[in-house]
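Take a look at the letters that make up each chain.
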Amino acid sequence: MTEPEIYLFFQQLQRFGITLGLERIERLLTHLGQPQNQVPVIHVTGTNGKGSVCAYLASILTACGYRTGLYISPHLIHYQERIQIDGKPIQIADWWRILGQIKQVVASDSIPVTEFEVITALMWLYFVEIKVDIAVIEVGLGGRLDATNVISNPLITVITSIGLDHQERLGSELTDIAREKAGILKPYRPLVRGLVSPPAAQVIDTQAHALNCPVITIEPPIHAKQLLHFQGHDYRIPLAGAHQFLNAEIALEAITELRKQGWNLPIDKVQKGIANTRWPGRLQWVHWQGKKILLDGAHNPEAAQILRQYIDQQNLKPVHWILGLLQTKDAVAVLKNLLHPGDRVSFVPIPGHNYHEPSRLCHLATHHCPGIVAHAEVNVSDVCGVISEQYTPVICGSLYLIGQVLQSITTTTVP
């Protein structure tokens with residue numbers, strides 16, 4: 001199977017889009033020998049924070065000497081970022097080789113799989129082949145019907161947060177979304193639950209009780225500057241934003257549960273793992289086109305609120321936002337949480353994806369956020385170079401937009 005043939009196969013899968021359900025992935029994995037049942041797993045979902053928690057967990061487990069698989073989505077620059085071993089993406093040769101195997105199975109049984117289902121199957125096969133000691137698996141969307149939810153006996157499940165996102169697929173109320181995310185719980189397996197609203201907590205805890213799942217709830221974290229105080233020890237938190245103390249605490253609670261199950265996780269190595277955590281594209285400062293710019297993939301109302309809080313806590317000068325949003329996002333709520341009087345905002349398209357038209361976002365911004373100067377632009381590169389020095393440039397919204405910027409930075413800085 002040649003690379004052009006596999007590229008064409010991948011492009012053909014795009015027409016299936018996002019289609020929730022487990023029947024197709026289970027059928028595919030049956031043909032592939034049920035690799036998902038051969039890997040010890042921590043399964044993580046949540047509206048916000050799940051990626052950071054996965055990054056903390058994978059870094060800790062690697063620092064403790066375990067061969068650790070990490071599965072995340074979406075990627076920022078290359079698809080291979082989604083599947084990692086000890087912090088390193090899958091080799092491109094392994095990606096194409098295993099993808100070729102899956103293509104043959106799909107073709108022989110005419111399975112109408114989605115792109116995400118194929119990548120998920122690829123991940124399971126690779127993790128079995130590499131013989132990982134443990135894998136940290138991030139849910140793609142929701143939980144109950146997500147393609148990752150084929151794990152019968154996870155070591156631990158984690159729900160980081162419940163917020164309003166993907167309402168067109170998960171439901172319009174927090175309780176609906178909580179019910180979908182609680183779908184990853186499995187009988188008798190412990191759940192680490194982050195800080196969620198009482199109605200959402202009740203839904204999750206009811207499901208946990210029905211399945212006899214022990215529930216470990218998180219208390220507001222105790223911290224000072226970059227140090228998190230947890231169970232008598234201090235942990236340096238390298239990721240920016242006050243919310244990262246909570247994400248780190250969730251990860252440490254999961255590590256505590258693993259210890260109870262017999263995993264060797266010394267405190268000093270856990271501290272090293274936390275301190276070494278990297279999670280690009282989230283409150284990340286970069287230099288681009290001669291300017292210091294903040295990047296953040298804030299794409300829903302709660303994430304936008306966190307980003308705005310960070311801006312205010314850092315006492316940054318008025319912001320020039322460069323913003324792109326997918327059509328599925330609640331644009332009005334995001335704009336209301338981000339924009340303050342005196343800010344400027346340039347709306348940009350997100351190439352290759354269905355996005356809110358910049359002209360429409362301009363209309364929404366000026367209507368719902370008085371005192372805002374808004375413009376529709378053709379691309380992110382043209383905007384950045386002309387931002388006035390009196391503003392702090394912030395590029396945010398879709399992670400695909402953030403990836404576009406990071407790819408440009410990589411291209412221009414690497415000989």
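Now for a description of the structure that goes with this document. All residue numbers refer to positions counted from 1 along the written sequence of the respective chain. Totals for whole chains, interfaces and linings use every residue, but because this is a predicted model, local features are given only for residues with pLDDT of at least 70 and side-chain atom pairs only at 80 or more, for both listing and counting. Hydrogens and waters are ignored; side-chain quantities use all the structure's heavy atoms.

1. Quick look at the overall build of the protein chain
For clarity, the threshold we go by: Strands here mean DSSP runs of E at least two residues long; helices mean DSSP runs of H or I at least four residues long; both are numbered from the N terminus. Two things to know: the radius of gyration comes from C-alpha atoms, and the globule rule equals 2.2 Å times the number of residues to the power 0.38. His is not counted here, nor are the chain ends, while Lys and Arg score as positive and Asp and Glu score as negative. A charge is said to be at NZ when it belongs to Lys, at CZ for Arg, at CG for Asp and at CD for Glu.
Counting its regular elements, the protein chain contains 15 helices and 17 strands. Compactness check: the protein chain gives a C-alpha radius of gyration of 21 Å against a globular reference of 22 Å for 415 residues, within 12% of the reference. Counting 33 positive and 35 negative side-chain charges, the protein chain places the centres of these two groups 3 Å from one another.

2. Overview of the sheet that holds strand 12 (residues 284–288)
Each strand in a sheet pairs with its neighbour through backbone hydrogen bonds, running either in the same direction (parallel) or in the opposite one (antiparallel). Definition in use: Should DSSP find at least two bridges between two strands, the strands are taken to pair. Between the N-to-C directions of two axes lies an angle of 0 to 180 degrees, each axis being a line fitted to C-alpha atoms and, for a helix, fitted only over the stretch in contact.
Taken together, six strands build an open sheet; the order of strands is 12-13-17-14-15-16 and the sheet is mixed. If you trace the sheet from one side to the other, it starts and ends with strand 12 and strand 16 (373–376), each paired once. On average, each strand axis in the sheet is inclined to that of its neighbour by 25°, with strand direction left out of account.

3. Here's the deal with the environment of lysine 131
Stated formally: The rule is simple: take the accessible area with a 1.4 Å probe, protein chains only, and divide by the maximum for that residue type; under 20% is buried, over 50% is exposed, in between is partly exposed.
With respect to the element layout, lysine 131 can be found in the loop between helix 5 (115–130) and strand 5 (134–138). When its relative accessible area of 66% is taken as the criterion, lysine 131 is described as exposed. For the pair formed by lysine 131 and asparagine 264, sequence separation is 133 residues and the distance between their alpha carbons is 18 Å.

4. Description of the side chain of threonine 277
We count it as follows: Nitrogen and oxygen atoms within 3.5 Å of one another constitute a polar contact, given that in protein one can donate a hydrogen and the other can accept it, and given that sequence-neighbouring residues count only through two side-chain atoms. Residue contacts are counted whenever heavy atoms from the two residues lie within 4.5 Å of one another.
Checked against the element boundaries, threonine 277 lands in the loop between helix 10 (267–275) and strand 12. Of note is the side chain of threonine 277, whose polar atom sits 3.0 Å from the backbone oxygen of glycine 273. There is a polar contact of 3.0 Å between the side chain of threonine 277 and the backbone oxygen of isoleucine 274. The residues contacting threonine 277, other than those within four sequence positions of it, are Ala55, Tyr56, Ser59, Pro238 and Leu239.

5. Considering the pattern of salt bridges
What counts here: One side-chain nitrogen of Lys or Arg within 4 Å of one carboxyl oxygen of Asp or Glu is enough to make a salt bridge.
Evaluated as defined, the whole model comprises 11 salt bridges. Residue aspartate 109 is joined to arginine 27 by a salt bridge in which the shortest nitrogen-to-oxygen separation is 2.9 Å. Of this pair, aspartate 109 sits in helix 4 (residues 92–109) while arginine 27 sits in helix 2 (residues 23–31), placing them 82 residues apart in sequence. Taking the relative accessible area as the measure of exposure, aspartate 109 reaches 25% and is therefore partly exposed. As a salt-bridge pair, aspartate 205 and arginine 193 come within 3.1 Å of each other at their nearest N and O atoms. With aspartate 205 in helix 8 (residues 198–210) and arginine 193 in strand 7 (residues 191–193), this pair connects stretches of sequence that are 12 residues apart. Members of the salt-bridge network, linked through shared partners, are Asp94, Arg97 and Glu129.

6. Regarding the pairing of strand 16
Heads up, the condition is: Here is how to tell: hold the view so the strands point away, follow the path from the first strand over the helix to the second, and if it runs clockwise the crossover is right-handed.
Relative to strand 16, strand 15 (residues 344–347) is paired through four bridges, and the arrangement is parallel. Following the sheet pairing, valine 345 is matched in strand 16 by alanine 374. You can see the chain leave strand 15, run along helix 13 (residues 358–368) and come back into strand 16, and the turn it takes is right-handed.

7. Topic: the pairing of strand 10 (residues 227–230)
Residues of strand 10 alternate between two faces, with Leu228 and Phe230 buried on one and Leu227 and His229 left unburied on the opposite face. As defined by bridge partners, strand 9 (residues 222–224) adjoins strand 10 across three bridges and the pair is classed as antiparallel. Across the sheet, the residue bridging to alanine 224 is leucine 227, located in strand 10. Taking the residues that link successive antiparallel strands as the turn, the strand 9-strand 10 hairpin has two residues, and the phi of lysine 225 there is positive, at about 55°. Where strand 10 and strand 11 (residues 233–236) come together, four bridges link them in antiparallel fashion. Residue pairing for strand 11: histidine 229 is matched across the bridge by aspartate 234. As consecutive antiparallel partners, strand 10 and strand 11 are separated by two residues, and within that stretch glutamine 231 has a phi angle of approximately 50°, a positive value.

8. Regarding the nonpolar core
The nonpolar side chains of a soluble globular protein tend to be buried, and buried together. The line we're drawing: Each nonpolar core is a collection of buried residues, namely Ala, Val, Leu, Ile, Met, Phe, Trp, Tyr and Cys, held together in the definition by side-chain atoms within 4.5 Å.
Judged by nonpolar contacts, the single largest core of 41 residues is most densely connected at Ile42, Leu57, Leu61, Val158, Leu258 and Leu265. Breaking this core down by element, the ones donating at least two residues are strand 1 (41–45), helix 3 (50–63), strand 5, strand 6 (156–159), strand 10, helix 9 (243–260) and helix 10. Element by element, the count of residues in this core is highest for helix 9, at nine residues. Excluding its chain neighbours within four sequence positions, the residues that come into contact with valine 158 are Ile42, His43, Val44, Thr45, Val53, Ile184, Leu191, Val192, Ile250 and Ala254. Counting 36 residues, the second-largest nonpolar core is a separate cluster that includes Ile85, Leu122, Tyr126 and Ala147.

From the geometry alone we can't say anything about function, so treat these as descriptive.
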